[in-house]
Protein chains: 2
Amino acid sequence: MLEYLKNHPNEKGMTMTLRDQALIIKKASISYARATTEEKNQALLAMADALEVHRQEILAANEKDVADARDAGMRESLVDRLCLTPSRFEGMKDALRQVARQEDPIGSVIRHWTNRDGLDIRQVRVPLGVIAIIYESRPNVTVETASLALKSGNGIFLRGSSSALRSNVALVDALREGLSRAGIDPHIIDLVRDADRSAVDELIHLRGIIDLVIPRGGAGLIQHVVQNASVPVVETGVGNNHIFVDATADLDMAVTVVDNAKTSRPGTCNAVETLLVHREIASAFLPKLAQALEGRCELRGDDEVARIISVTPLQEDDFATEFLDDILAIGLVSSLDEALAHIARYGTTHSEAILTQDEDHARRFQQEVDAAAVYVNASTRFTDGGVFGFGGEMGIATQKMHARGPMGLEALTSYKYEINGNGQCRR
Amino acid sequence: MLEYLKNHPNEKGMTMTLRDQALIIKKASISYARATTEEKNQALLAMADALEVHRQEILAANEKDVADARDAGMRESLVDRLCLTPSRFEGMKDALRQVARQEDPIGSVIRHWTNRDGLDIRQVRVPLGVIAIIYESRPNVTVETASLALKSGNGIFLRGSSSALRSNVALVDALREGLSRAGIDPHIIDLVRDADRSAVDELIHLRGIIDLVIPRGGAGLIQHVVQNASVPVVETGVGNNHIFVDATADLDMAVTVVDNAKTSRPGTCNAVETLLVHREIASAFLPKLAQALEGRCELRGDDEVARIISVTPLQEDDFATEFLDDILAIGLVSSLDEALAHIARYGTTHSEAILTQDEDHARRFQQEVDAAAVYVNASTRFTDGGVFGFGGEMGIATQKMHARGPMGLEALTSYKYEINGNGQCRR
């Protein structure tokens, strides 16, 4: 790291501080905010090309990161997230091209009216300014988040995990080259090149320079940022999600949907963690489910569940736990109200689903459950910016301020009021 | 205060903590979020009636607050803000009735589409939950902010200044009675009845119970909340605003607009603080302005300005100061670019204006100035929720996250995604 800093002295010949870096992005972001849609799209395509041009350097850097991680004894499931496989490499280029095809939110008029004084008032969408993202291991997040920030007219300051530092440096250098080729100031994107943990604390206090910080990673990181940042934060992530299989559910559909929501990618925040089953259909449904998940997922339940299917005894904290693993807690309820009360108590307002043929129950569930995404007859796994059609996501917001659920381009914007008069004064 | 707490024991017979109070609001807010527009409007009208019914108690409480404030040596300009005059009393009732007439944002569908998997996705506006507001002296803010929070389906926790505590207790008790009469759970509104400063620090850390805190008051209070809260915050307030009188400005209009922006209410955050004048018209314009403001406003300028009109010498910090007083700093510039650079350096992104007949300059100014409200040929004093047509305001946001500028009903909402399928699983 010292090497990098030595090679990047600031104007006074001293090594750059994080604040210096952020100020450079801020400055670049001011003129970049006025880039046209065409200029931004050309830049995204040039960045995709630059990744291809520098494929060898990027993959070589990634190999070193992966080797070091293995040497340091990193769990293989985490090493996998770190690894830029050929399909992930293509995925990064695709992400840039897909975001180039998304509609540009900047400059759109949200509302336009004339007030009682005859003032013409337009509420116009503008970029936020500089967005910081703090994330873990996966280097493809670097490209996904940069593409969304840049399409929405923002500068971006990236802080990936130290284990992916070489990969991220190679990626950001390539992206910057792409920007330069497209005639855009490459200083609108930069990376915290310091592996020190204190960098996070410095970053989240750069109020007035950074307009929004998004922590994207484990619960510990997110809570640390939320509790300590003075920069505005959007909380993301924790999904202790439920599926309620109602008395009128189509049981075959329910088996398929629960299987998908639990096992298709159990480590993600949109996977289901607790299954609530209506007692009326429990003895018909649970054996079907147990058979389908046989050997692929541990089921946990209390004595009542254990009288129907074979389960591991439910632990005290299981209903409050985001397993992020092949484990499913099962609870029995006697009514929609009981299911709603359970979800209100244990849910994390991420993704919740009801499987039912009862339209009133479906409607009540959607209205009364307080969550970013509330599903009727579908898997919770769809809570995702790409799947929603946003071209990717900056994260999935679990708070209500500013943005909620998958954060696409609009979530990275603010607005201003442009007001035109002919000499009006306030009475 | 102890008296109040003794009279309000919690379930265990102990005095209520702030957290207990907040939890009660939270609980009430869950069912209140589903109140219909008609129910909410009836409640607002009943609250206006209740203020009238309890006019005597409210005014008596206010008189005591005012007398105590004077005894404690409060400045007369602050005592004035504390005082519920007959017209302010009518204003509070009007505010409730006006907000009842505003369109209800809750339940409106922001977007509705079908994704690639055939899922029907609706983005629906929902309340934030519980909003806390921390404000100073003016007791009418109690009613204005409560009405907006309740119309948008939220619970509200108010923390006014200790000097207005009796007035606020009387107001909130009346509002609660109005709610009860309209069949709404009165627990959706409450007041911090503890004059201790530490209450603020407790309040801003109730993350998970309070969904948004809005500090509305002096710069010290706002910075304290922004720097220390773990609850999401919207920063409001500081307005170091500029008017740029361009070379092509209509000079008579400019005199009228600058006079209005500076002197109509100099203590407000939307007043102008610095006037930038194009050198080409300085010697024609400044004498007209000086004559109009004669004896009503102190003008400050450097030697160059002093060669045109009589001014107080400009102090070093004047361009960076929000005077909130009858003082106007004057600077001369040679171009639009110079004016833009000055505003970028000293502005607080609140309200900025250009007076010009040059349409290109007007357009560039509106695009390039980074502020909540950017005016062409109008006074900065219009940055106000009531004037914008929002029926009032929770505050004027000067950050970009969530809401910007005057915060009306929409600024107090979030959204959820309601997703309907027929058994879809994620590939």
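Residues numbered from 1 in each chain as written. Chains lettered and ligands numbered in written order. Predicted model: local features only at pLDDT ≥ 70, side-chain atom pairs only at ≥ 80, totals over all residues. Heavy atoms only, no water.

Asks: For helix α14 (residues 336-346) of chain B, give the residues involved together with the corresponding values.
Replies: All names here are of chain B. By the burial criterion, the buried members of α14 are Leu336, Ala339, Leu340, His342 and Ile343. Axial view of α14: buried residues confined to an arc of 160°, hence all on one face. Residues of α14 that are exposed and point more than 90 degrees away from the buried face comprise Ala344 and Arg345. As for α14, its buried residues are in contact with β7 (241-245), β8 (272-278), β11 (327-333), β12 (351-355) and α15 (359-368). (Buried < 20%, exposed > 50% of the residue type's maximum accessible area, 1.4 Å probe, protein only. Helix = DSSP H or I, 4+ residues; strand = E, 2+ residues; numbered from the N terminus. Arc of directions from axis to C-beta. Contact = heavy atoms within 4.5 Å.)

Asks: Please give an account of the relation of the copies chain A and chain B that cites residues and values.
Replies: Screw-axis analysis of chain A against chain B gives a translation of 0.0 Å along the axis, an RMSD of 0.0 Å, and a rotation angle of 180°. Such a turn and shift between the copies fits a two-fold axis. Closest approach to the rotation axis among the C-alpha atoms of chain A is made by A:His402, whose C-alpha sits 1.9 Å away. The fraction of interface residues of chain A whose copies in chain B are also interface residues reaches 100%, indicating that both copies meet through the same surface. (Least-squares fit on C-alpha atoms with pLDDT ≥ 70 in both.)

Asks: Can you lay out the sheet that holds strand β4 (residues 155-159) of chain B for me, pointing to particular residues and giving the numbers?
Replies: Residue and element names in this part refer to chain B. Spatial strand order, β5-β4-β3-β6: four strands in an open sheet with parallel pairing. The open sheet is flanked by β5 (189-191) and β6 (212-216), the only strands paired with a single partner. Adjacent strand axes in the sheet meet at a mean angle of 15°, parallel and antiparallel pairs treated alike. The pairing of β4 with β5 spans three bridges and is classified as parallel. Considered in β5, the bridge of Leu158 is made with Leu191. Where helix α2 (residues 18-32) meets the sheet, its contacts fall on β3 (130-135), β4 and β5, and the angle it forms with β4 comes to roughly 155°. Docked against the sheet, helix α7 (residues 140-151) engages β3, β4, β5 and β6, running at close to 160° with respect to β4. (Pairing = 2+ DSSP bridges. Axes fitted to C-alpha atoms, helices over the stretch in contact; angles between N-to-C directions.)

Asks: How would you explain the packing of helix α3 (residues 37-53) of chain A against helix α7 (residues 140-151) of chain A if you had to name every residue and give the values?
Replies: All names here are of chain A. Closest axis-to-axis distance for the α3/α7 pair is 9 Å, and the angle between their directions is 160°. By the angle between their directions, the pair α3 and α7 is classed as roughly antiparallel. Like other packed secondary-structure pairs, α3 and α7 cross with a definite hand, here right-handed. Contacts between α3 and α7 involve Lys40, Asn41, Leu44, Met47 and Leu51 from the former and Val143, Ser147, Leu150 and Lys151 from the latter. Residue classes in the contact of α3 with α7 are distributed as five nonpolar, two polar and two charged. (Parallel < 35°, antiparallel > 145°, perpendicular 65-115°, else oblique. Left-handed = near helix turned anticlockwise from the far one by under 90°. Nonpolar A, V, L, I, M, F, W, Y, C, P; charged D, E, K, R; others polar.)

Asks: Please set out empty space enclosed by the protein residue by residue, giving values where relevant.
Replies: Within this structure, the stated rule accounts for one cavity of 30 Å³ or more. There is about 190 Å³ of room inside the largest cavity. Every residue lining the largest cavity is counted, 18 residues in all, and those nearest its centre are A:Pro232, A:Val233, B:Val231, B:Pro232 and B:Val233. Classifying every residue of the lining of the largest cavity gives 12 nonpolar, four polar and two charged. (1 Å grid on protein atoms, 1.4 Å probe; cavity = no way out; pocket = protein on both sides within 12 Å on 5 of 7 lines; lining within 4 Å. Points joined across faces, edges and corners; volume = space filled by probe spheres on them.)

Asks: Describe the confidence of the model for chain A, and please don't skip the residues or the numbers.
Replies: Residues and elements named next belong to chain A. Averaged over all residues, the pLDDT of chain A equals 94, while 96% of them reach at least 70. Overall, residues 1-13 carries pLDDT values under 50, and its contacts beyond four positions in sequence, including any with other chains, amount to 17 contacts. In the model output, the complex is listed with pTM 0.91 alongside ipTM 0.92. (pLDDT = per-residue confidence, 0-100.)

Asks: Quick one: what's the story with unusual backbone geometry, residue by residue and with numbers?
Replies: At B:Thr349, a residue that is not glycine, the phi angle is positive and equals roughly 55°. By secondary structure assignment, the location of B:Thr349 is in the loop between α14 and β12.

Asks: For the interface of chain A and chain B, give the residues involved together with the corresponding values.
Replies: Contact with chain A, which involves 70 residues of that partner, is made by 71 residues of chain B. A combined buried area of about 6000 Å² lies between chain A and chain B, and 51% of that area is made up of carbon and sulfur atoms. Along the contact surface separating chain A from chain B lie eight salt bridges. Between B:Asp384 and A:Arg426 there is a salt bridge whose closest N-O contact spans 3.5 Å. Considering each element in turn, the side of chain A that touches chain B owes the most residues, 11 residues, to strand β16 (residues 413-424) of chain A. Taken together, the residues that form the side of chain A that touches chain B break down as 33 nonpolar, 20 polar and 17 charged. Summarising the sheet, β16(A) and strand β13 (residues 373-378) of chain B pair through five bridges and their orientation is parallel. (Buried area = accessible area lost by both parts, 1.4 Å probe. Salt bridge = Lys/Arg side-chain N within 4 Å of Asp/Glu carboxyl O.)

Asks: So what about the pattern of salt bridges? Which residues, and what values?
Replies: Side chains bearing opposite charge may pair, as long as their charged atoms lie close to each other. Under the criterion given, the structure shown has 69 salt bridges over all chains. A:Arg166 is the partner of A:Asp65 in a salt bridge, and the nearest nitrogen-oxygen pair spans 3.2 Å. Note that A:Asp65 is positioned in helix α4 (residues 55-71) and A:Arg166 in helix α8 (residues 165-181), a separation of 101 residues in sequence. For A:Arg166, a relative accessible area of 36% corresponds to the partly exposed category. Through salt bridges with shared partners, a single ionic network connects A:Arg34, B:Asp337, B:Arg364 and B:Glu368.

Asks: Tell me about the nonpolar core, and name the residues and values.
Replies: Counting 186 residues, the largest nonpolar core has A:Phe285 and B:Phe285 as the members making the most contacts within it. Apart from residues no more than four positions distant in its own chain, B:Phe285 is found in contact with B:Val245, B:Leu251, B:Ala254, B:Val255, B:Val258, B:Leu275 and B:Val277. (Core = buried A, V, L, I, M, F, W, Y, C linked by side-chain atoms within 4.5 Å.)

Asks: So what's going on with the pairing of β8(B)? Which residues, and what values?
Replies: Residues and elements named next belong to chain B. Most of β8 is tucked away, with seven of its seven residues classed as buried. For the crossover that starts at β7, traverses helix α11 (residues 251-263) and ends in the parallel β8, the hand is right-handed. In this sheet, β11 lies alongside β8 in parallel orientation, the contact comprising five bridges. Residue pairing for β11: Val277 is matched across the bridge by Leu332. (Right-handed = clockwise from strand over helix to strand, strands pointing away.)

Asks: Please give an account of the side chain of A:Arg122 that cites residues and values.
Replies: Tracing the backbone shows A:Arg122 in strand β2 (residues 120-127). With relative accessibility at 18%, the residue A:Arg122 sits in the buried group. Each residue touching A:Arg122, except ones within four places of it in the same chain, is listed here: A:Val109, A:Arg111, A:His112, A:Lys416, A:Tyr417, A:Glu418, A:Asn420, B:Arg363 and B:Gln366.

Asks: Help me get a handle on helix α4 (residues 55-71) of chain B, residues and values and all.
Replies: Residue and element names in this part refer to chain B. If you check α4, its first and last C-alpha atoms are 24 Å apart, about what 17 residues at 1.5 Å a residue would give, namely 24 Å. For α4, the full list of buried residues reads Arg55, Ile58, Ala61, Asn62, Asp65, Val66 and Ala69. Down the axis of α4, the sector holding all buried residues measures 140°, keeping them to one side. Along α4, the residues that are exposed and aim more than 90 degrees away from the buried face are Gln56, Glu63, Lys64 and Asp71. Check the buried side of α4 and you find it contacts α3 (37-53), α5 (76-82), α6 (86-101) and α8 (165-181). Just downstream of α4, Gly73 is the residue with a positive phi angle, here 80°. (Expected span 1.5 Å × (residues − 1).)

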